[in-house]
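# Understanding the architecture of this molecule
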Amino acid sequence: MSLPDRPLLLRAGKFEGTMVVGLERLPRDDSDAAASFVDVGTHMRTTAGGLELNLAAAVGLYASTDNTIMPALETLDSVGFAVRRELAADLAIGAELGIRGPSSDITLYAPRVTAAYKAHVAPWAAISIGAEAGIDRGGMRSDMRVVGGELRAQLHPLKRIGIEGRAAGVRFYPQDGEGGPRGRGVVTLGLHALVEVTAELDAVLGCDAVAHGQDNLRCSVGFVVQSERPQLIAD
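The text that follows walks through the structure, step by step, so that each part is easy to find. (Residues numbered from 1 in each chain as written. Predicted model: local features only at pLDDT ≥ 70, side-chain atom pairs only at ≥ 80, totals over all residues. Heavy atoms only, no water.)

## Focus: a nonpolar patch on the surface
A grouping of Trp124, Leu155, Leu158, Ile161, Ile163, Leu191 and Val195 is seen on the molecular surface, where their side chains present a nonpolar patch of about 630 Å² in accessible area. Every element with two or more residues in the nonpolar patch is listed here: strand E8 (144–158), strand E9 (161–174) and strand E10 (184–196). Note on placement: Leu158 falls in strand E8. The exposed category is assigned to Leu158, whose relative accessible area is 51%. (Patch = residues over 30% accessible without salt bridge, like charges linked within 9 Å, V, L, I, M, F, W, Y side chains within 5 Å. Areas by Shrake-Rupley, 256 points an atom, 1.4 Å probe, with all protein chains shown as cover. Salt bridge = Lys/Arg side-chain N within 4 Å of Asp/Glu carboxyl O. Helix = DSSP H or I, 4+ residues; strand = E, 2+ residues; numbered from the N terminus. Buried < 20%, exposed > 50% of the residue type's maximum accessible area, 1.4 Å probe, protein only.)

What follows is the structure, encoded as structure tokens:
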């Protein structure tokens, strides 16, 4: 199935597993020296009882800087849980919980409510819109109220190749009032390509530029396996 034709939520009886290796390059806040991080992430989702269930985790593999201060390398960098329900064709709402640094002393908890809609505008093109709201609690900063949105454009110019462009924005508002009423924002722009290797295996390659007062760059390569075997969880 082409990338634009794929539904927003997995249909009953399907399972998807993703494995991604990511490289992130970013400057340090207090100097011109840069830091590099390598991690591997996995993401699994399936549908049961009318709900799409998601589980994600990322493991840190390597961290280095251009100066003598080494950043802490978290073996288990993050975990995430999410559930979504379809309200209508290609319209869904959900809830999720992300946990950054679950084994560290500065664990960050990020619960969210989400909504998403996908429009199939042509046999070879689709657009999806997403929104989120929630809080960030813990970590190295004060608690934050968070709102954000995302726009994705999917094209399938060739039979086995799909392309997805992403633009996302998130705004953080400190609950203690610091930073003023406008808070601070993060903008992400990304471009990802998907190549169909077999009917059940896709290869993906992508890069995202993240701006929040400094320029970050994250590139990733991975594989996505989709299965139509019987449901793993009964309705």
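Text resumes after the structure shown.
## Quick notes on the pattern of salt bridges
Two side chains that carry opposite charge are able to pair once their charged atoms sit near each other. Inspection of the entire model under this criterion finds 15 salt bridges. Asp77 is the salt-bridge partner of Arg100, the closest N and O atoms lying 3.1 Å from each other. Of this pair, Arg100 sits in strand E5 (residues 91–100) while Asp77 sits in strand E4 (residues 76–88); the two residues are 23 residues apart in sequence, bridging distant segments of the chain. The exposure class of Arg100 is partly exposed, given its relative accessible area of 47%. One salt bridge connects Glu164 with Arg166, and the closest N-O pair in it is separated by 2.6 Å. A single salt-bridge network, built from bridges that share partners, covers Glu16, Arg45, Glu52 and Arg84.

In short, shape yes, function no, at least from these values alone.
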